[in-house]
Amino acid sequence: TPAFKNYAQQIVKNCRALAEELLAHDVPLTTNGTDNHLLVMNVTDGFGLTGRQAEQALREARFTMNRNAIPFDTNGPWYTSGVRMGTAALTTLGMKEGEMRQIGAWIVNLLKATKAQKDEKTGGPSRAKVHIDPAVLEKTREHVADLLKHFPLYPELVID
């Protein structure tokens, strides 16, 4: 239908806007952009984190995405060097390119404030555990919660 065609086109526009924002902050993407609904960012080269660490930090800030291997990944399939993001769910909520750019900036800010914790056994950096600057984490959570207030999953159930 025309409505579904518009929806599908908006998903791609949103993902491109998110990719452009990440690239503007020098975050490496595996394909230097996107032509579809997904993108994978290299968090090892971009932030010095494993995909598992980035996934953990992003989830703590209320983002839903998952770690993902990248080509020639040196961290292996469990820890990975990448994080995969899609824009279909956000588009379903009614978000557009402006929101994607803001989300991209929040992601960059959060991951810059995330560092590997010390591994208790080896004394070196942990490949799984992280420390997130508490002020940045709390501010990001607030931003996400505020944004979602404007894009409720079930608007007919929102009680003012």
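Attention here is on the structure that accompanies the text. Since the model is a prediction, treat every value here as computed from it, not as a measurement.

Here we take up the side chain of T80. Mapped onto the secondary structure, T80 falls in the loop between α4 (76-79) and β3 (82-86). Separated by 3.2 Å, the side chain of T80 and the backbone oxygen of G82 make a polar contact. Apart from residues lying up to four places away in sequence, T80 is in contact with T44, T50, G51, R52, R67, N68, A69, D73 and N75.

Applying the stated criterion across every chain, the model contains one aromatic pair. Taking NZ or CZ as reference, R67 lies 4.5 Å from the ring centre of W78, over its face.

Let us now look at helix α6 (residues 97-112). End to end, α6 covers 23 Å across 16 residues, agreeing with the expected 22 Å (1.5 Å per residue, within 8%). For α6, the full list of buried residues reads M100, I103, G104, W106, I107, V108, L110 and L111.

On to the environment of I107, then. Mapped onto the secondary structure, I107 falls in helix α6. Once the C-alpha coordinates of I107 and T30 are considered, the two residues, 77 residues apart in sequence, prove to be 17 Å apart. Other than its neighbours up to four places away in sequence, I107 contacts L22, M41, L58, F63, M65 and M85.

Quick look at the nonpolar core now. Membership of the largest hydrophobic core comes to 36 residues, with the highest contact counts inside it found for L22, M41, L58, F63, I107 and L111. Elements that contribute at least two residues to this core include exactly α1 (2-24), β1 (38-42), α2 (43-47), α3 (51-60), β3, α6, β5 (125-132) and α7 (134-150). Considering every element that reaches this core, the biggest residue donor is α6, with seven residues.

Geometry of a packed helix pair, given as the angle between the helix axes and the separation of the axes. Between α1 and α6, whose axes approach to 8 Å, the crossing angle comes to 35°. Considering only the axes of α1 and α6, their crossing is right-handed. Between α1 and α6, the residues in contact are Q10, K13, N14, A17, L18, E21 and L22 and E97, M100, R101, G104, A105, I107 and V108, respectively. Here the residues of the contact of α1 with α6 sort into seven nonpolar, three polar and four charged.

This paragraph deals with the pattern of salt bridges. Summed over all chains, the structure comprises four salt bridges. E55 is the salt-bridge partner of R59, the closest N and O atoms lying 3.2 Å from each other. With R59 and E55 both in helix α3 and four residues apart, the pair spans about one turn of that helix. With relative accessibility at 46%, the residue R59 sits in the partly exposed group. Salt-bridge contacts for K139 lead to E142; the nearest nitrogen and oxygen are separated by 3.9 Å.

Once that is clear, we can look at α7. In this model, α7 (17 residues) spans 25 Å end to end at C-alpha, consistent with the 24 Å of a helix rising 1.5 Å per residue. Within α7, burial applies to V136, L137, T140, V144 and L147. Angularly, the buried residues of α7 cover 100° about the axis, an arc narrow enough to put them on a single face. Relative to its buried face, α7 has exposed residues pointing more than 90 degrees away, namely P134, A135 and K149. Where the residues of α7 are buried, they touch α3, α6 and β5. The residue sitting at the N-terminus of α7 and contributing the capping side-chain oxygen is D133; that oxygen lies 2.9 Å from the backbone nitrogen of A135.

Conventions and cut-offs
Residues numbered from 1 in each chain as written. Predicted model: local features only at pLDDT ≥ 70, side-chain atom pairs only at ≥ 80, totals over all residues. Heavy atoms only, no water. Helix = DSSP H or I, 4+ residues; strand = E, 2+ residues; numbered from the N terminus. Polar contact = N/O pair within 3.5 Å; in protein donor to acceptor, adjacent residues only side chain to side chain. Contact = heavy atoms within 4.5 Å. Phe/Tyr/Trp six-rings, centres within 6.5 Å; stacked < 30°, edge-to-face > 60°. Lys NZ or Arg CZ within 6 Å of the ring centre and 35° of its normal. Expected span 1.5 Å × (residues − 1). Buried < 20%, exposed > 50% of the residue type's maximum accessible area, 1.4 Å probe, protein only. Core = buried A, V, L, I, M, F, W, Y, C linked by side-chain atoms within 4.5 Å. Axes fitted to C-alpha atoms, helices over the stretch in contact; angles between N-to-C directions. Left-handed = near helix turned anticlockwise from the far one by under 90°. Nonpolar A, V, L, I, M, F, W, Y, C, P; charged D, E, K, R; others polar. Salt bridge = Lys/Arg side-chain N within 4 Å of Asp/Glu carboxyl O. Arc of directions from axis to C-beta.

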